[in-house]
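Overview (structure and organization)
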Amino acid sequence: MSEVPSRRSRWTAVLRRWPAALAVGLLAVTTAGGSSAGGVTALAEVLPLLSLLYLVVAKIQRRGASWPVLLILVVLYLVLRVLDVVAVPAVFAAVALAVMVWGAVDGDLRRSGAFQVQALGMIGFGALALAALVVQPDLGRYLVAAGWFLHGLWDFVHLRRDTVVSRSYAELCCVLDVLIAAQLVFLA
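What this report covers is the structure whose coordinates are included nearby. Keep in mind that this is a model prediction, so the values were computed, not measured.

Thresholds, definitions, all that
- Residues numbered from 1 in each chain as written.
- Predicted model: local features only at pLDDT ≥ 70, side-chain atom pairs only at ≥ 80, totals over all residues.
- Heavy atoms only, no water.
- Helix = DSSP H or I, 4+ residues; strand = E, 2+ residues; numbered from the N terminus.
- Buried < 20%, exposed > 50% of the residue type's maximum accessible area, 1.4 Å probe, protein only.
- Contact = heavy atoms within 4.5 Å.
- Areas by Shrake-Rupley, 256 points an atom, 1.4 Å probe, with all protein chains shown as cover.
- Phe/Tyr/Trp six-rings, centres within 6.5 Å; stacked < 30°, edge-to-face > 60°.
- Lys NZ or Arg CZ within 6 Å of the ring centre and 35° of its normal.
- Core = buried A, V, L, I, M, F, W, Y, C linked by side-chain atoms within 4.5 Å.
- Patch = residues over 30% accessible without salt bridge, like charges linked within 9 Å, V, L, I, M, F, W, Y side chains within 5 Å.
- Salt bridge = Lys/Arg side-chain N within 4 Å of Asp/Glu carboxyl O.
- Axes fitted to C-alpha atoms, helices over the stretch in contact; angles between N-to-C directions.
- Parallel < 35°, antiparallel > 145°, perpendicular 65-115°, else oblique.
- Left-handed = near helix turned anticlockwise from the far one by under 90°.
- Expected span 1.5 Å × (residues − 1).

A count of helices and strands for the protein chain gives eight helices and zero strands. Overall, the protein chain shows an N-to-C arrangement of helices and strands of α-α-α-α-α-α-α-α. Residue burial in the protein chain is summarised as follows: out of 188 residues, 41% are buried. The long-range fraction of contacts in the protein chain, counting pairs at least 24 apart against all pairs at least 6 apart in sequence, stands at 72%. Carbon and sulfur atoms form 69% of the exposed surface of the protein chain, whose accessible area is close to 10700 Å².

So this is what it looks like as structure tokens:
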């Protein structure tokens, strides 16, 4: 005979999944106004930010830095958007290039490992985001959706393998990325 879980154990289970719950809440808050071409452009600009976070955390080899690095990158993104002096993707590409050069100087790019994989991910997701920004808007929306979905898979792999970033960040990002991709495809 199976036991019915107590109310307390259900709340404990929910609290263990706080990153997934936060992802759902963030999506609900950020999409309350609906989607638009400007929203797709913003999502294309943010896609490299996600990979840049993985690259930076892999370089410094501090999984616990996942959340502070996210905060720094989000603040940088917001400041760049408000100032509107330089293109956001150009800044993220320059930062990624600087981190990769730092990794090359330290020998991280020659060694097989997390940094090398993250550098390849940065290049791949960055190229996908750039392509989405320069093609026809409908195709761009699907490219952005593919990028977010693939990044969600990227997060899932890191979550399952428990590598590079903190588990809580990987879980939040995995859920949020897949939900954003689904929204782009099905609710646009």
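Now that the structure is up, let's keep going.
Right, let's talk about the packing of aromatic side chains for a bit. This model, assessed by the stated rule, comprises three aromatic pairs. Consider the rings of Trp 67 and Tyr 169, whose centres lie 5.7 Å apart with planes at 80 degrees: the pair is edge-to-face. One end of the pair, Trp 67, is in helix H4 (residues 66–83); the other, Tyr 169, is in helix H8 (residues 167–186), with 102 residues separating them in the sequence. Aromatic pair Phe 125 and Trp 154: ring centres 5.6 Å apart, planes at 85 degrees, arrangement edge-to-face. Of this pair, Phe 125 sits in helix H6 (residues 114–134) while Trp 154 sits in helix H7 (residues 137–161), and the two are 29 residues apart along the sequence. Here Phe 125 and Trp 154 have matching classes, each one buried. The aromatic ring of Trp 102 is capped on one face by Lys 59, whose charged end is 4.7 Å from the ring centroid. Over the ring of Tyr 142 we find Arg 141; its NZ or CZ atom is 4.5 Å from the centre of that ring.

Here we take up the nonpolar core. With 48 residues, the main nonpolar core has Leu 55 and Trp 148 as its most contacted residues. Of all the secondary-structure elements, those providing two or more residues to this core are helix H3 (37–60), H4, helix H5 (88–106), H6, H7 and H8. It is H3 that provides the largest number of residues to this core, a total of 15 residues. Setting aside residues up to four positions removed in sequence, Trp 148 forms contacts with Leu 43, Val 46, Leu 47, Leu 50, Asp 177, Val 178, Ile 180 and Ala 181.

The next thing to look at is a nonpolar patch on the surface. A contiguous nonpolar surface patch, about 680 Å² in accessible area, is contributed by Leu 71, Val 75, Val 79, Val 82, Leu 83, Val 85 and Val 86. When you line up the elements, Val 86 lands in the loop between H4 and H5.

Moving on, we get to unusual backbone geometry. In this structure, Asp 84 takes a positive phi of about 50 degrees despite not being glycine. Considering the arrangement of structural elements, one finds Asp 84 in the loop between H4 and H5. For Asp 84, a relative accessible area of 64% gives the class exposed. The residue Asp 162 is not glycine, and still its phi comes out positive at about 55 degrees. Secondary-structure assignment places Asp 162 in the loop between H7 and H8. Among the residues examined, Asp 162 registers a relative accessible area of 33% and is labelled partly exposed.

Glancing now at the packing of H5 against H6. Running from N to C, H5 and H6 point in directions that differ by 160 degrees, and their axes come no closer than 11 Å. Overall, the two elements H5 and H6 adopt an arrangement that is roughly antiparallel. By crossing handedness, the relation of H5 to H6 is classed as left-handed. Residue-level contacts link Pro 89, Ala 96, Val 99, Met 100 and Gly 103 of H5 to Phe 115, Ala 119, Met 122, Ile 123 and Leu 133 of H6.

A separate point is H7. The periodicity of an α-helix, 3.6 residues per turn, causes residues three or four positions apart to be oriented the same way. For H7, which comprises 25 residues, the first-to-last C-alpha distance of 36 Å matches the rise-based estimate of 36 Å (1.5 Å per residue) to within 8%. The set of residues buried in H7 consists of Gly 140, Arg 141, Val 144, Ala 145, Gly 147, Trp 148, His 151, Gly 152, Trp 154, Asp 155, His 158 and Leu 159.

Mapped onto the elements of the fold, Leu 76 is located in helix H4. When its relative accessible area of 27% is taken as the criterion, Leu 76 is described as partly exposed. Sequence separation of Leu 76 and Val 88 is 12 residues, and the distance between their C-alpha atoms is 9.0 Å.

What is shown is where atoms sit, not what they do.
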